[in-house]
Each structure stands twice: as structure tokens, then as C-alpha cells.
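# Structural overview for review
One letter stands for each residue in the lines below.
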Amino acid sequence: MDLPRIFTIRESGHRIHNPLTPHKFAVLGEALRLPPGTRVLDLASGSGEMLCTWARDLGFTGTGVDVSSVFTAQARDRAVELGVTDRVEFVHGDATGYVTDPPVDVAACVGATWIGDGVAGTAELLGRSLRPGGLMLIGEPYWRRTPPDQETAEGCHATGPSDFLLLHELIEQFGDLGYDVVEMVLADQDSWDRYCAAQWLNLRRWLDRNPQDEMAPEVRAELSTEPARYARYMREYLGWGSSP
Ligand code: SAH
């Protein structure tokens, strides 16, 4: 099992595979107000930037689990680069149903709630690895504005308007599930640009290097349509937040 190749082409230059910047990740880590030695489980850890920088800057320890062999290898390299191999480890595997024992202080899923079949199921999954009184950290899209029609929702890579909630509704959903929302760090349009616009140069450079690759037509088509589609739909309608 591995992540489809188009993702690793599109996000080949990314250390962070969501619309948060290094600065926003740092703000989020500090916002937790937890001591060195805090134990973190990060499901769908991507290239490990959150765990590695928090290990370096905050003295946290932890385990990341991700289904992408490419991203997991990058995460291990990053741990070496930042000198935190004694604090973090990265497991290549499916995070669906992944539970640790002993339980951790922080259980996170930042941008992959499909591993629990949605926000509610992911909260339940994270809860099974969390010590009593621990913090859960979930990153999830929301609508900045209600999409007026199906076309707009699909322009945001959603299947329909009901895929996401407005921010206050997402916060209320956690309340309905029995959790307190105690902090949040949100993407903004500039940080969305760092995530999405940075993909276009990855695509362009990959095409230059791999013109004969079997995926070249798909990558070519994406590069032709994606920038305008992003500007028209996602940048206007889609927000993203990470909340403990
Ligand atoms: N949290 C990371 C990555 C978010 S992108 C960050 O913020 O940078 C979504 C990630 O989910 C990708 O790295 C992808 O490989 C991973 N993923 C998708 N399905 C998964 C699964 N079933 N189990 C583990 N990881 C998964």
C-alpha cells in the first residue's frame, strides 16, 4: 500500500503537505503549552515536519505513521537533518485503526481525517491512543463561504457542498462530539498559496525532467488547469484549520 505517485510529484518540494506555513506550525506547537518530553502520535505524518520541528524547538518526542514511502523516507531524513533521531520515529504504514499503547499526551491527525472516515471517526480513533486529559489535534478544511453550487464545491475538490462545514459549524461539531475546542491555528489565503501555488513549480520542473513519463499527459493537464481553478474556487471558498 502506498500513496499514488501523482501526490509525490505534485508535492515533491513540500515539507508541509497542508496549507500551514513553518511559522504557523511553530505557533501551533507553542500554543499547546506543553513541556519538553511531551509524547505525540501523529497519524498521516507526511514528511514529518511537524514532529521534527517540535522535537527540535519544544523537546517533544513522538511517532509518525504515514502510508507514503516517499514522504516517510523524507521524514526520516529530516529527523537526521534536524538532529532529532533520538526523539522521533517514522513508521511506514496505514494509519487506519492505528492505536498506540502506552497512550500519548498529544494525538494528531493534521489533514487526513479520511483515515477515520471523517472528523467524528478520527476523533474516536485518536482518543484510543490518548491519555486521560491529553490533547487531540485535528486539521480539517472548512468553507470560508458557503459554496453557491455543486460546480463550486467540485472546483474545491469536494464531492459536494456537504463535504465540509463553515468554521463555526466545525467547531460546534466538536462540541456535539463531547470535546472542548481549546485553541486553533488557521490557514489564510497566503498560506494556501504556499501549499497550492508551490505545487505548480513542482509540476513544471517534473515535466521538464520527465517528458516521456507515462504520467506526463496527466501532469501537463493539471498544470494547465489548476492555477486558474485554484484562484477561482479554492482560494476563495476553502479554509483550513488545525485545532486542539
Ligand atoms: N500531516 C502531514 C501530511 C498531510 S497530507 C502534514 O501536515 O504535512 C495527507 C497525508 O496522509 C499524506 O502524507 C498521505 O501519505 C497520508 N495518508 C493518506 N492515507 C493514509 C493512510 N490510510 N494511512 C496513513 N497515512 C495516510
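Residues numbered from 1 in each chain as written. Predicted model: local features only at pLDDT ≥ 70, side-chain atom pairs only at ≥ 80, totals over all residues. Heavy atoms only, no water.

Counting across every chain of the model gives five aromatic pairs. With centroids separated by 6.3 Å and ring planes inclined at 55°, the aromatic side chains of Trp192 and Tyr195 adopt a geometry described as tilted. With Trp192 and Tyr195 both in helix α8 (residues 189-209) and three residues apart, the pair spans about one turn of that helix. Residue Trp192 shares its accessibility class with Tyr195, and that shared class is buried. Ring centres of Trp200 and Tyr230 lie 5.9 Å apart, and the angle between their planes is 70°; on these two criteria the pair is classed as edge-to-face. A residue pair is termed long-range when its members are at least 10 positions apart, and Trp200 in helix α8 and Tyr230 in helix α9 (residues 216-237) qualify at 30 residues. Trp200 sits in the partly exposed class, given a relative accessible area of 21%. On the basis of relative accessible area, Tyr230 is assigned to the buried category, the value being 3%. (Phe/Tyr/Trp six-rings, centres within 6.5 Å; stacked < 30°, edge-to-face > 60°. Helix = DSSP H or I, 4+ residues; strand = E, 2+ residues; numbered from the N terminus. Buried < 20%, exposed > 50% of the residue type's maximum accessible area, 1.4 Å probe, protein only.)

Before going further, it helps to examine the side chain of Asp193. By the element assignment, Asp193 lies in helix α8. Overall, the relative accessible area of 15% leaves Asp193 in the buried class.

Right, let's talk about the pattern of salt bridges for a bit. Under the definition given, this model contains 14 salt bridges. We note a salt bridge from Arg5 to Asp213, for which the minimum N-O separation is 2.7 Å. On the criterion of sequence distance, the pair formed by Arg5 in helix α1 (residues 5-10) and Asp213 in the loop between α8 and α9 is long-range, its members being 208 residues apart. Asp105 is the salt-bridge partner of Arg131, the closest N and O atoms lying 2.7 Å from each other. One end of the pair, Arg131, is in strand β5 (residues 130-143); the other, Asp105, is in strand β4 (residues 104-110), with 26 residues separating them in the sequence. On the basis of relative accessibility, which here comes to 30%, the residue Arg131 falls in the partly exposed class. Note on Asp105: relative accessible area 11%, which makes it buried. A network of salt bridges, in which partner residues are shared, links Arg15, Glu49, Arg78 and Glu81. (Salt bridge = Lys/Arg side-chain N within 4 Å of Asp/Glu carboxyl O.)

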